[in-house]
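What the coordinates show
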Amino acid sequence: MKDAVQTKTILRSLAGETLPTPPIWMMRQAGRYLPEYKATRAQAGDFLSLCYNPELAAEVTLQPIRRYGFDAAILFADILLVPQALGADLWFVTGEGPRLSTITSQTDFDVLKPVDAIHDTLNPIYETVRILRRELPAETTLIGFAGAPWTVATYMIAGQGTPDQGPAHALRMGNTPLFEALLARITAATIEYLSMQIEAGAEVVKIFDSWAGSLKGEAFQKYAVAPCAEITAALKAKYPHIPVIGFPREAGDGYIGFHAATGVDCVALDNSVSPDWAAANVQKDGCVQGNLASRHMVTGGQDLVDETRAIVKAFSNGPHIFNLGHGITPDADPENVTLMIETVRGG
Ligand code: CP3
């Protein structure tokens, strides 16, 4: 067991080792920019049917590993499966994104299921993890994930993605006890969900706080830092050897001290922070992940090569996992992903 762990480059970086070549994976690496993903998604019927079909979800997770040989695979699922497991209605509108039943009153909240009911819905996801542990190459690390409570709450409150998370901020300020009760329910469900992913074979977990950047000052501490710290502490108490990656996207100065404040092993960076700044201010506290702008996967060329090299160089004096600053987009060219990987691995 120990030997197997030591050969996996991502686990070495997460343990704090500085490697000559950073390991690499990519957010949304199983996605619509890949023709083989679109084919399997069509076979499943729709996106949610794909998430809940363990054989096909494992298949799309493996596709980018076969094509590119990434150092990690990320479980194919979605952060919005937790609200669905708590009883929210969830559907996806083609070309627009997710829609959910909204939670804006005590009555809406009272309809939600208790935390221990989530597994009735989420069991297929744990089966996907078990399949992946059997089928992944020995050197590939399996990453599980969940949304951070704030980000998940923004979708549950608004019923959809929002540019400024206005409805969630309105509830946070207008009915703080209800907002905090919702956050507590999501936090407890997330601990359960990630624990089951780990029991099924996830070797690392990542907490996606995509909308952390809209929380400022004390609100950032209370609703981004504290829930991430609570989830991390609960997981570490049960699974001390499982590394946790935190992603407080667009946190800006909030990235400073995030390792220590939350207990995560790695802080994932979006591309709004410069690599040199992040090396000096964030990587000094531990492993970082990131942070090439996703648009390079669309535009390619010398800019991609130059920017990739600059990121590798800036983070070369400490533990680093190469990644994008956010998910790859459907209009990306799969050839540009090859160019990025060759640049990271070949110089
Ligand atoms: O990264 C991976 O390859 C693993 C799978 C994964 C998905 N979503 C699959 C997905 C992960 C880790 C997520 C996380 C997720 N989901 C986040 C946090 C990260 C981020 O992007 O900020 C959020 C906010 C969501 C919610 C969500 N899911 C939205 C807003 C959308 C619609 C936008 C879009 O890209 O269409 C989704 C759908 C979704 N989740 C797709 C995939 C591959 C596209 C669905 C499709 O095939 O049509």
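All of the points below concern the structure found in this document. (Residues numbered from 1 in each chain as written. Predicted model: local features only at pLDDT ≥ 70, side-chain atom pairs only at ≥ 80, totals over all residues. Heavy atoms only, no water.)

What follows concerns the environment of Glu-199. Examined against the element boundaries, Glu-199 turns out to sit in helix H11 (residues 176–200). Spatially, the C-alpha atom of Glu-199 lies 28 Å from that of Tyr-68, the residues being 131 residues apart in sequence. Only 2.5 Å separates the side chain of Glu-199 from the side chain of Tyr-239, close enough to count as a polar contact. (Helix = DSSP H or I, 4+ residues; strand = E, 2+ residues; numbered from the N terminus. Polar contact = N/O pair within 3.5 Å; in protein donor to acceptor, adjacent residues only side chain to side chain.)

With six of six residues buried, strand E5 (residues 204–209) is to be regarded as a mostly interior element. Alternating positions in E5 separate into two faces, Val-204, Lys-206 and Phe-208 on one and Val-205, Ile-207 and Asp-209 on the other, with burial throughout. Bridge count for strand E4 (residues 141–147) against E5 is five bridges, and the pairing is parallel. When the sheet's bridge partners are listed, Gly-144 is paired in E5 with Val-205. This β-α-β element, E5 to helix H12 (residues 217–238) to strand E6 (residues 244–248), shows right-handed connectivity. (Buried < 20%, exposed > 50% of the residue type's maximum accessible area, 1.4 Å probe, protein only. Pairing = 2+ DSSP bridges. Right-handed = clockwise from strand over helix to strand, strands pointing away.)

Turning to the sheet that holds strand E7 (residues 266–268), a few remarks are in order. The strand order E1-E4-E5-E6-E7-E8-E9 describes an open sheet built from seven strands, whose pairing is parallel. Where the open sheet ends on each side, the last strands, each with one partner, are strand E1 (72–74) and strand E9 (320–324). Across this sheet, the average inter-strand angle for adjacent strands is 25 degrees, counted without regard to direction. Across the sheet, helix H16 (residues 301–314) is in contact with strand E8 (287–292) and E9; its angle to E8 comes to roughly 165 degrees. (Axes fitted to C-alpha atoms, helices over the stretch in contact; angles between N-to-C directions. Contact = heavy atoms within 4.5 Å.)

Let's shift gears to the pattern of salt bridges. Note on pairing: side chains with opposite charge can pair once their charged atoms come close. The full count for this structure, using the stated rule, is 12 salt bridges. Residues Lys-8 and Glu-203 are paired through a salt bridge, measuring 2.8 Å at the closest nitrogen-oxygen approach. Within this pair, whereas Lys-8 is found in the loop between helix H1 (2–7) and helix H2 (9–14), its partner Glu-203 is found in the loop between H11 and E5, the two being separated by 195 residues in sequence. Neither residue differs from the other here; Lys-8 and Glu-203 are each classed as buried. (Salt bridge = Lys/Arg side-chain N within 4 Å of Asp/Glu carboxyl O.)

Attention shifts here to the site of the ligand. Among the 22 residues in the neighbourhood of the ligand, the closest are listed as Arg-32, Tyr-37, Arg-41, Asp-78 and Ser-210. The contact in question runs from an oxygen atom of the ligand to an N or O atom on the side chain of Tyr-37, over 2.5 Å. Within the complex, 88% of the 870 Å² of free accessible area of the ligand lies under protein. A per-class count over the shell around the ligand returns 15 nonpolar, three polar and four charged. (Near = heavy atom within 4 Å. Areas by Shrake-Rupley, 256 points an atom, 1.4 Å probe, with all protein chains shown as cover. Nonpolar A, V, L, I, M, F, W, Y, C, P; charged D, E, K, R; others polar.)

Let us now look at the nonpolar core. In a soluble, globular protein the nonpolar side chains are often hidden away together inside. The biggest cluster of nonpolar side chains holds 123 residues, and the ones touching the most others in it are Tyr-193, Val-337 and Met-340. Each residue touching Tyr-193, except ones within four places of it in the same chain, is listed here: Ala-77, Leu-81, Val-82, Ile-118, Leu-122, Ile-125, Tyr-126, Phe-145 and Ala-146. (Core = buried A, V, L, I, M, F, W, Y, C linked by side-chain atoms within 4.5 Å.)

Moving on, we get to helix H3 (residues 35–44). Of all the residues in H3, the buried ones are Tyr-37, Thr-40 and Ala-44. Mapping the buried residues of H3 onto a view down its axis gives an arc of 70 degrees, with all of them on the same face. Away from the buried face of H3 by more than 90 degrees, exposed residues Ala-42 and Gln-43 are located. Buried residues along H3 sit in contact with helix H4 (47–51) and helix H5 (54–68). Positioned one or two residues after H3, Gly-45 has a phi angle of 110 degrees, which is positive. (Arc of directions from axis to C-beta.)

Glancing now at unusual backbone geometry. The omega torsion of the bond from Gly-290 to Asn-291 falls at -15 degrees, within 30 degrees of zero and hence cis. Here Asn-291 shows up in strand E8. Positive phi, close to 60 degrees, is recorded for Arg-28, a residue that is not glycine. Among the secondary structure elements, Arg-28 is positioned in the loop between H2 and H3. One non-glycine residue, Gln-165, adopts positive backbone phi at about 55 degrees. Mapped onto the secondary structure, Gln-165 falls in the loop between helix H9 (149–158) and helix H10 (166–174).

A few words now on H5. At 3.6 residues per turn, the α-helix brings residues three or four places apart onto the same side. Between its first and last C-alpha atoms H5 spans 22 Å; for 15 residues at 1.5 Å apiece the expected length is 21 Å, and the two agree. In the structure, H5 departs most strongly from a straight axis at Leu-62, where the bend amounts to approximately 25 degrees and where the proline Pro-64 lies between one and four residues downstream. The element H5 is extensively covered by neighbouring structure, given that 11 of its 15 residues are classed as buried. All of the buried residues along H5 are Pro-54, Leu-56, Ala-57, Ala-58, Val-60, Thr-61, Leu-62, Gln-63, Pro-64, Ile-65 and Tyr-68. Taken together, the buried residues of H5 touch H3, H4, E1, helix H8 (118–135) and helix H17 (334–346). One or two positions beyond H5, positive phi appears at Gly-69, with a value near 65 degrees. (Expected span 1.5 Å × (residues − 1). Bend = angle between axes of the 7 residues up to and from the residue.)

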